[in-house]
Each structure stands twice: as structure tokens, then as C-alpha cells.
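Next come the chains, spelled out residue by residue.
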Number of protein chains: 2
Amino acid sequence: MSKAGTSKRAGEDINKQQKKIKNIDEVLKLVKKLAEQGRKNTTAERSLAELDLAHSVREVVDKDADAVLDEIETTMLEVAQSILAGNGYSFDIPSRAKGNQLYVPELDRIVLKDTVSKRPFASSQACRKTAITTRILGLVHELCNKQINVTKRDLFYTDVKLFEDQRESDAVLDDLSCMLGCTRSSLHVVASEKGVVVGRPPFTGGLVASEKGVVVGRLTFTEDGDHIDCRRMGVGGKAIPPNISKVSNIASDALFILLVEKDAAFMRLAEDRFYNDYPSIIITAKGQPDVATRLFLRKLKLSLKIPVLALVDSDPYGLKILSVYMKGSMNMSYDSSNLTTPDIKWLGVRPSDLDRFNIPAQCRLAMTDEDLKTGRKLLEEDFIKANPAWVAELELMLKKKEKAEIQALSSFGFQYLSQVYLPLKLQEGDWI
Amino acid sequence: MSKAGTSKRAGEDINKQQKKIKNIDEVLKLVKKLAEQGRKNTTAERSLAELDLAHSVREVVDKDADAVLDEIETTMLEVAQSILAGNGYSFDIPSRAKGNQLYVPELDRIVLKDTVSKRPFASSQACRKTAITTRILGLVHELCNKQINVTKRDLFYTDVKLFEDQRESDAVLDDLSCMLGCTRSSLHVVASEKGVVVGRPPFTGGLVASEKGVVVGRLTFTEDGDHIDCRRMGVGGKAIPPNISKVSNIASDALFILLVEKDAAFMRLAEDRFYNDYPSIIITAKGQPDVATRLFLRKLKLSLKIPVLALVDSDPYGLKILSVYMKGSMNMSYDSSNLTTPDIKWLGVRPSDLDRFNIPAQCRLAMTDEDLKTGRKLLEEDFIKANPAWVAELELMLKKKEKAEIQALSSFGFQYLSQVYLPLKLQEGDWI
């Protein structure tokens, strides 16, 4: 029945492919090897402190509520002492300007150099901004104290009279994150749901709609005191929490994380309980990932030390999505190490798969001029250039001027993805 | 601390409001009464068969996989007999044209009258469409047989050569749903994630991004064999499944369903475990609801017979979202009874709340010309006109030319929504 609708020849192809699939242990052999390599390779965990850097640099890290409270209270104690000493007060705000950013190749991320600007209260120019900074310090103190999370928009509404424009409170929030040396999510403020700024050149990006992520598979964790078992989350899955700080006790016997671009593919794999046969965790953000999904993926990868394999459409947009997971956006550079998952393997659907798996001509789509332009710009991106196999695939795409969606695999039957395509890919270690 | 940032007077207001809130039993008194009324009032469940209609009408209902298989097999048996008798074959496709639609005021929904068009195979005009119909019947048979769900896009990819354009396979799917008398989700095909066509005039709408829904609260159900407990879903909640047919054994001790427009408000209520004190189920689709969320809400309301209270922004867009839940889109009219939840109470944030709760002037936003236009058009909508209290609120909004987001309540403290605003609203039975 699954062969219906494909020509006889295609039917024979599928049969041949199916016969190639060995038993599950054999299929998983190369994935296991990859996972072992990952456990040995600990470069990703090297901290800034271990590197001998010419500049004194500043990084932001995840801190728990108590640590943030300590930082805020120390800061305000200094403020009080300064006022009592008759000197008024000011804050030292690290500059987030481009000139103050430093790329650290050893860590493959951007940190801030030591330029700091004074923000004095007794200055007609800085007074308002200093007041906003003080106010937001107080609000963040309240949030950490109560252990609750709010959105940037909630924070703005708390004092519209003072903040006037949400961009003001958002900017000061970023200042505080640098000043206190902690990530924005450590401040207990999450991005609003409306969208995220994505991309770095050439992804001029702007605000695009971002979707919330969902997860199913061989994973258990504690979320705000609740025990979550992702093996028993039906086909809809568990919604990824907006605030990663609520997630703890991550445990899993999965061999890999499968990062899926499309909701349809996620539904197929969840419904077929793909993770039962092939021990895995399946995540999708249905397109452009929001900050919460990126934080969640990173946390899983660092805790479990298992490879991340990506299943995206064979088009430039699929690669752009991977770039968001891998590189983040320029705007967030100082925070980037806490958002990105650098080592993602491109499993499929890759341009070379189109011929290899005989995707019918009518299921392939012609690339538009916009696609070709985006594709050519991607060729100049560092994260592509760093991987010759990715360059070769992208060049093939641009040469053939063809793209294909993950769903194109449905032309071989609804369950071809979970029963043939993915097992074959895993067995052959066909990721790059 | 929660009073910080509001003036002294506002602080006193909040204190006064907080003192008004009685113990939980008192707060819930009117909600309990509303729930009892709902259980007695069974009009919503009246079926077409019980009405004495002049026309012979056709409705589509939810059917399980076995019933759909029966329908398909009966149809194909007739086809085979017709072919064997030397008559070739054709399908009888109910017309979905406007002229064939009938509004049934007793049920407040649209059904199809008895106009049917023949789709013969032996016709140069209809041949291709008949072939597509036959092919999709076969594919749906496969889906029901295997008990798996796919998206419209997956279905299209199964035979691009024949279907040529996804609009063709989508349209035939709707034909089949009418022909077999079952909802599209009964055919085991779900809408793709890219968006839904929303609105009926005046919401010319078009394709807009729709978000997937999430749920937390006093609710347990079985999803594809997994026991789901929505009281233990952290702050992220459970993702609502794409296919309602996988949901069974719905159980709850909630007194009401709280339908929330914004993700931020959902997060606040989930984190504060609002449903522990006020027995409820909290649902959001983060804006425009997708089909799955609408199906889920309807199923909950029908199974549990508890009221649905809505918390949306005080602007025309908030009402448009309610209209999608309550009325659905014109395109889906014949399927509407299976998608809509007619009796939704508008709890807040209502235009009259702005003065009643002293929302500060700087937290109110001026309505744009577009807002005013949309608002005026809403006044002509049946679902608004049917409720004089809604008309009065909308007229107030248009007179004051002011709108406000749910988050504006944060100006009284981050937890004002869950600790003051909602309890007061419930206690006073302040829904319309």
C-alpha cells in the first residue's frame, strides 16, 4: 500500500532500499561512534578563563536567582556608599558597540572587551537613563526574589511613565545583563512571543515570526517541580518552556537529538514513535526557532553530550534556520555562547539526496531568484565555509537550481521518512 | 514590592481591590452557577436530525477510522458494481457553493442543502478530477487503515504528477469530506502548519500565520495511548495535538476554561499555578488559533460542559480572535459545527475595564485608523449584534478610541493579573 502512486521502478527502488536496512544495532553503530567522539571532545566547554587572552574580556554566563540577587545587592550597596560619601552615584556599563566585541576563535564565539561607559545620575544627559537602570535593577531584584519570569513587554508596562518606549527598557535590560555578567534569561525576563531578530549579514533579517518549540522522545526532566516524560507526550509533544532556568534533572538514554524543521515531519516521527526504535530526542521549532528552543537545544546538548542531527528542507531557508541555531544573531553576540549549539550535523534533506533517493522531478521545485541570491550569500558565510562538505552541497544546489521540501519524501509513501530514509541515513552515517 | 512603580494613590486602589477578594469558595460561587446553567442548557447539542427542516440537508460529523473505512468501501463497492454492469462510474459530490448553504438558526450554524453534482470518469471534462477523487479515496483508506495522520501537503506530495497543484488535492479532500459526511480530521488529514484562512466578511483575512496551542490546568486525557496530566506540565504546558482523534478519556474537575490570547499571560498564569486555587483549564493559541486548538477547545467544552471565559486584549483584534473560535471561517462553513465553540464569555480585558481598573493613561494606546475601521465593521457582525453587552463594550472602545493589551495590567505589579484582576472578575461574575 505504501508503494501506491509511485511507478513500478520507484517501487523496486524502495524495496531495494528497505532491504539495505540492517537490524537496529547495526543501524545505530555509526551514531554511537559519533556520540562517543562527542563525549571525548570537550573544546566546546572550554571557558574564557582558561584562554590566555591579550585583552581583559567580559563574558555573560547563566547565573541562578541567588547569584543575580547577590550581584544586584553588591551593586546597590556600592551605590549607597557612594551617595553617603557625598559622591552621588553612577553605573559602569560595558559597551556593546562593535568596536568592543572580540571574536575568540578557540571558543568560536564573540565576547566583550573592556570598554566601559559611566552612567552618572548627576548628569542632565544620563540622568533619565540612570533612573531607568536603577528602576530595572529593582524590578529584576523583585523577579529573582519571587522566582517568577516575565516578558520584556510586561517589564515595560510596569513603568511606562519612566520608560516611555519599550526599546528603552529592552536596551537597559541588555546593559544590565552585561553589567551583572549574566544572561538575559538569568534576569528572569524572557523575550516576547512576537518574534526574534534573526540573522547576521547577509541575513539582514529584522523581526520575523518565531514559533515555539515542541519536544518528544527519550528524555525526562523536571520543569518547575513537575516530572516531564517526553516518551509519553502523545503526538503533539511537550511545549518547550519559555524559561530554561525552570528545567533541571535532564536525563536520557538517547543516542542523538533529531532537529526537525517542519511540523509535518515532527508529527510523522512522533506518531510513528520513531524514538522507540532509534533512541532519540526529537525537537522542532516549526521553522525559525525562538530563543527558548535555542536555549533548550543547547542545554540538552551540553548536558547529554550527544550529537545533534538536522532534518531540514533542501533549500537556502533550511540552512538559514541551522545558522540561527548555530550562530545566533549579531545583535545578541555577547550573549551568543549561551544561545548557540555549534556542532550540528546536516543529515538531510541535502541537495545530493535528491538524485540519490530519486526524488521525482515533479516533487522538486525550481529555486527562485531570491533563493539563488540567498544561497550565493550563504556560500560566503563562515559557518558554511568552515565545512567543505557543506560548501559542496550548497554549490550543488545552486548549480542544479532545484530545491525540495522534507515532505517530498512522502512521494514514496507516508512512512518512508521514518521507516526508510532516516534509518538508511543513520546506518550509513550520512551526515556532514 | 508589587506596588512599586505605581503612584501612592494607585497603590491604595490595589489594596482596596485586594481586600474585596473573598475566600476561594465565595470567589467561585458565580462561576459554579454559570457551569450549572451550562449543564442544563443542551441546545448546543441538538442535532440536525431533531429539527424539522423543509430542506433535506447534509451535515458532516466526526467519524472514527472504522466508520470512514466503511463509507469508502461502500462507495467503492458501488463503483465496482457500476463498472461491472457496464455503466462506468461516477461520484456524487455535494455542492459547497454558497447557494447550497443553509443557515440553521436553531443550531447557529451552516449546513449544506441537497444539490449534488455528478463527477463521471467517462467525461473528458471530469475525467481528471474523478481520477484525483479515486486516488485520494485510496490514500484516505490507507491512512484510516494504518491509523496515521498526515498533512494536506504530505497528501499532495504522494502523487504530484496527478494532482499537479496542491489546491486540487485540497479541494477534492473537502469534496470527500462532504461526500462521506465526515469532518476533514476524520479523514486523518490535518491542515499544514503554515497558516489558516481566517475570517468571514468583513475579515477578508487571507492566509495568516496561525500558532499552535498549549494547555495547562486541571485536565487529564489520553493522547495516542499516553496519559497526559496537564496539572504537571511545568510552565510551558502541553502542546495541543494536531489530530483531535487521538484524544480520549477527557477528565477534569475544573469549573471553567480560561481562553487566553497572549503567551505572556499564559506564562504568568501557568507559573503562578492559577489553576490550583481556581479550578480551571488554561488554553492559549498565542493569537490566531489553528484548527487543532479550535477542535480541542470545542471537544473540551462539549465533554466537560463547563463555561469558556476569554481573556484577550482590549482591541478589535482581540474580538477577531474570539470570532475565529466562535464562528470559524466562511470557507469551512459546512464543517463549522465541528470547529466552533459558540458560547464564549468575554471576561476581559474589556474597554470598560480600562477606567474601572484605573489603567494608567500611558498604558493605553490610541487606536489607529485601521483599528477603528475594523471595530466599526465588527459592530455589523452577527456574533456581536447577538449580544447587546458586547455591542455596548465595542461602542465604548470606538468612542474612547483607546485600546490596551492584557499586559497593561502589569503596571500594578507582575502578579496583579493572577492575584487581583482575575479573582475579582470571577467573584463579581463580570463576564458578558
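Bear in mind that the values here come from a model prediction, so they are computed numbers and not experimental data. (Residues numbered from 1 in each chain as written. Chains lettered and ligands numbered in written order. Predicted model: local features only at pLDDT ≥ 70, side-chain atom pairs only at ≥ 80, totals over all residues. Heavy atoms only, no water.)

Describing the interface of chain A and chain B
Contacts between the two partners involve 67 residues from chain A, matched on the other side by 67 residues from chain B. Between chain A and chain B, a total of about 5,700 Å² is buried, with carbon and sulfur atoms accounting for 54% of that surface. On inspection of chain A and its partner chain B, the count reaches eight salt bridges. A salt bridge links A:Arg273 to B:Asp224; the shortest N-O distance between them is 3.0 Å. Where the side of chain A that touches chain B is concerned, the elements lending two or more residues are helix 4 (127–146), strand 5 (150–151), helix 5 (152–158), helix 6 (160–163), strand 11 (226–229), strand 12 (238–239) and helix 8 (263–271) of chain A. Looking at the side of chain A that touches chain B element by element, the count peaks at six residues for helix 4 of chain A. Tallied by class, the residues present in the side of chain A that touches chain B amount to 24 nonpolar, 18 polar and 25 charged. (Contact = heavy atoms within 4.5 Å. Buried area = accessible area lost by both parts, 1.4 Å probe. Salt bridge = Lys/Arg side-chain N within 4 Å of Asp/Glu carboxyl O. Helix = DSSP H or I, 4+ residues; strand = E, 2+ residues; numbered from the N terminus. Nonpolar A, V, L, I, M, F, W, Y, C, P; charged D, E, K, R; others polar.)

A short note on the environment of A:Ala361
Residues and elements named next belong to chain A. As for its position among the elements, Ala361 is in the loop between helix 12 (351–356) and strand 18 (365–366). Overall, the relative accessible area of 61% leaves Ala361 in the exposed class. Along the primary structure Ala361 and Ala404 are separated by 43 residues, whereas in three dimensions their C-alpha atoms are 9.9 Å apart. (Buried < 20%, exposed > 50% of the residue type's maximum accessible area, 1.4 Å probe, protein only.)

Observations concerning the sheet that holds strand 10 (residues 220–223) of chain B
Residues and elements named next belong to chain B. Spatially, the three strands line up as an open sheet ordered 11-10-13, and their pairing is antiparallel. In the strand order of this sheet, the two ends are held by strand 11 (226–229) and strand 13 (247–251), each with one partner. Along the sheet, successive strands turn relative to each other by an average axial angle of 20°, direction set aside. By the bridge criterion, three bridges tie strand 10 to strand 13 in an arrangement that is antiparallel. (Pairing = 2+ DSSP bridges. Axes fitted to C-alpha atoms, helices over the stretch in contact; angles between N-to-C directions.)

Focus on the pairing of strand 15 (residues 280–284) of chain B
Residues and elements named next belong to chain B. When you tally the buried positions in strand 15, you get five out of five residues, the bulk of the element. Of the two faces of strand 15, the one carrying Ser280, Ile282 and Thr284 and the one carrying Ile281 and Ile283 are both buried. By the bridge criterion, four bridges tie strand 9 (residues 214–217) to strand 15 in an arrangement that is antiparallel. The residue of strand 15 that forms the bridge with Val216 is Ile282. Inspection of the sheet shows strand 14 (residues 256–260) paired to strand 15 by five bridges, in the parallel sense. Across the sheet, residue Val260 finds its bridge partner in strand 15, namely Thr284.

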